[in-house]
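Observations on the model geometry
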Amino acid sequence: MVAQPLTKQSTIAERWLQVQQRVVEAANRAGRNADDVTIIAVSKTVDAARVVEAVRAGAIELGENRLQEAREKIHQVHNLLTSDSAAPTPRWHLIGHLQRNKVKYIFDHFVMVHSVDTLELAVEIDRRAAARGQVMPILLEVNISAEASKDGLRPEDVEAMARRVEELEHVRLRGLMTIPPLTEDAEMSRPIYQSLRALAAELRALDLPTVRMEELSMGMTHDFEVAVEEGATMVRIGTAIFGARPSG
Ligand SMILES: *Cc1c(COP(=O)(O)O)cnc(C)c1O
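This text gives an overview of the structure that appears in the document. (Residues numbered from 1 in each chain as written. Predicted model: local features only at pLDDT ≥ 70, side-chain atom pairs only at ≥ 80, totals over all residues. Heavy atoms only, no water.)

So, the overall build of the chain
The helix and strand tally for the chain stands at eight helices and eight strands. For 248 residues, the compact-globule estimate of 2.2 N^0.38 gives 18 Å, and the C-alpha radius of gyration of the chain, at 18 Å, lies within 12% of that figure. Across its three principal axes, the chain shows a C-alpha extent of roughly 65 × 40 × 35 Å. Taken across its 248 residues, the chain has 46% of its residues classed as buried. When contacts within the chain are restricted to residue pairs at least 6 apart in sequence, long-range pairs at least 24 apart make up 66% of them. Carbon and sulfur atoms make up 50% of the accessible area of the chain, which amounts to about 12600 Å² in all. Between the averaged position of the 30 positive side-chain charges in the chain and that of its 36 negative side-chain charges there is a distance of 4 Å. (Helix = DSSP H or I, 4+ residues; strand = E, 2+ residues; numbered from the N terminus. Rg over C-alpha atoms; globule rule 2.2 N^0.38 Å. Buried < 20%, exposed > 50% of the residue type's maximum accessible area, 1.4 Å probe, protein only. Contact = heavy atoms within 4.5 Å. Areas by Shrake-Rupley, 256 points an atom, 1.4 Å probe, with all protein chains shown as cover. Lys, Arg positive; Asp, Glu negative; His and termini not counted. Charge placed at Lys NZ, Arg CZ, Asp CG, Glu CD.)

Put into structure tokens, the structure is as follows:
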């Protein structure tokens, strides 16, 4: 007989439920409807079998940050799910840095790119989308805290970028995304999330015809409740659903 472990590890399904519950509570605190918050389960470094566990539990919006890893995994996940006609179909979000020469690979897999931070990238997505007769929804990644080492547009450059993206017929600007500096303290993220929301409101006021500032992609495992309180419509949660990732 195998000895029972002393501490019971919660399953992915249990953790998914807990995260949903915490989103509901945060939404309630802010007088928001939790249905207006999409939880994106970030499955980077998680193997396909465990991703399928999450999908079966109801986590159908999935996020990957690296294209190469994502392409292989998406294929595996879909193969594992096709044997089961009752299984829901996952929707994949690209949340990490995208190189221009990889843009051609995004269209088969992803429903949205959260991390557009240069005009060149937006133009390339537009060009490839046009060739396929598709339109790709995108978010602009904004570096609110202006850390030199990170990706993302400076807040003062976002309006000009939105005006240029507006001219592209095969990308559709749907909102903003940000990643706060790494910290344990969720309250450190609050002013950053407030700034992102304020910036989205400024862009909305411009009334650019094809731009809809409807999504705020902000909040991760350590601070998603703060993000929901500050208006997030998409939270990107990995660790709280799948457990700690291998470091390095
Ligand atoms: C990894 C990652 C997340 C999720 O991080 P957790 O802290 O594990 O929830 C969210 N957004 C992006 C862009 C990521 O790369």
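Here's the deal with the nonpolar core
Buried together is how nonpolar side chains tend to be arranged in soluble globular proteins. By size, the foremost hydrophobic cluster in this structure holds 73 residues, and its most contacted members are I106, I125, I138 and L176. Sequence-distant contacts of L176, that is, excluding residues within four places in its chain, are made with L139, L140, V142, V158, L196, L199, A200, L203, M213, E215, L216 and S217. Among the nonpolar cores identified, the runner-up in size contains five residues, and I40, M112, M177 and M234 belong to it. (Core = buried A, V, L, I, M, F, W, Y, C linked by side-chain atoms within 4.5 Å.)

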